Amino acid sequence: MKWPLVLIILGSAAIGGLAVGLLGFIKIIQLKNAVKRLERERPVKVGTAEVQHSPEGTDADSSRFRLPE
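Residues numbered from 1 in each chain as written. Predicted model: local features only at pLDDT ≥ 70, side-chain atom pairs only at ≥ 80, totals over all residues. Heavy atoms only, no water.

### Observations concerning the overall build of the protein chain
Each helix and strand in the protein chain was counted, giving one helix and zero strands. Within the span of the protein chain, comprising 69 residues, buried residues form 1% of the whole. For the protein chain, the accessible surface area stands at approximately 6,700 Å², while carbon and sulfur atoms represent 67% of it. (Helix = DSSP H or I, 4+ residues; strand = E, 2+ residues; numbered from the N terminus. Buried < 20%, exposed > 50% of the residue type's maximum accessible area, 1.4 Å probe, protein only. Areas by Shrake-Rupley, 256 points an atom, 1.4 Å probe, with all protein chains shown as cover.)

### Some points on the confidence of the model for the protein chain
Detailed reading of the predicted model is not advised wherever pLDDT is low. Here the protein chain shows a mean pLDDT of 79. Residues at 70 or above account for 61%. Note on residues 50-55: pLDDT is under 50 here. Beyond four places in sequence and across chains, it has two contacts. (pLDDT = per-residue confidence, 0-100. Contact = heavy atoms within 4.5 Å.)

### Quick word on a nonpolar patch on the surface
Together, M1, W3, L5, V6, L7, I8, I9 and L10 make up a nonpolar patch on the protein surface, roughly 950 Å² of accessible area in all. Looking at where M1 falls in the secondary structure, it is placed in the segment before α1 (5-53). (Patch = residues over 30% accessible without salt bridge, like charges linked within 9 Å, V, L, I, M, F, W, Y side chains within 5 Å. Salt bridge = Lys/Arg side-chain N within 4 Å of Asp/Glu carboxyl O.)

### Some details on the pattern of salt bridges
Pairing between side chains becomes possible if they bear opposite charge and their charged atoms approach one another. Scanning the model with the defined rule gives one salt bridge in all. Measuring nitrogen to oxygen at the nearest pair gives 3.8 Å for the salt bridge that ties R37 to E41. Of this pair, R37 and E41 both sit in helix α1, four residues apart, which is roughly one turn of that helix. You can call R37 partly exposed: its relative accessible area is 39%. For E41, a relative accessible area of 29% puts it in the partly exposed group.

What follows is the structure, given as structure tokens:
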């Protein structure tokens, strides 16, 4: 059976669109998971970085690192 060329082209375009959409959806899910993982790690890293870089009372210019009260 011969298929009309226009149906073959439209079918190929539809399959290609579905493939691109599926791969894009998978990438979005992976990126969302990476963001969640990094957000869980961030408070730990920020907390240790602040203690290491600017302990209070060690620097004459440490007042610029303090939050206004």
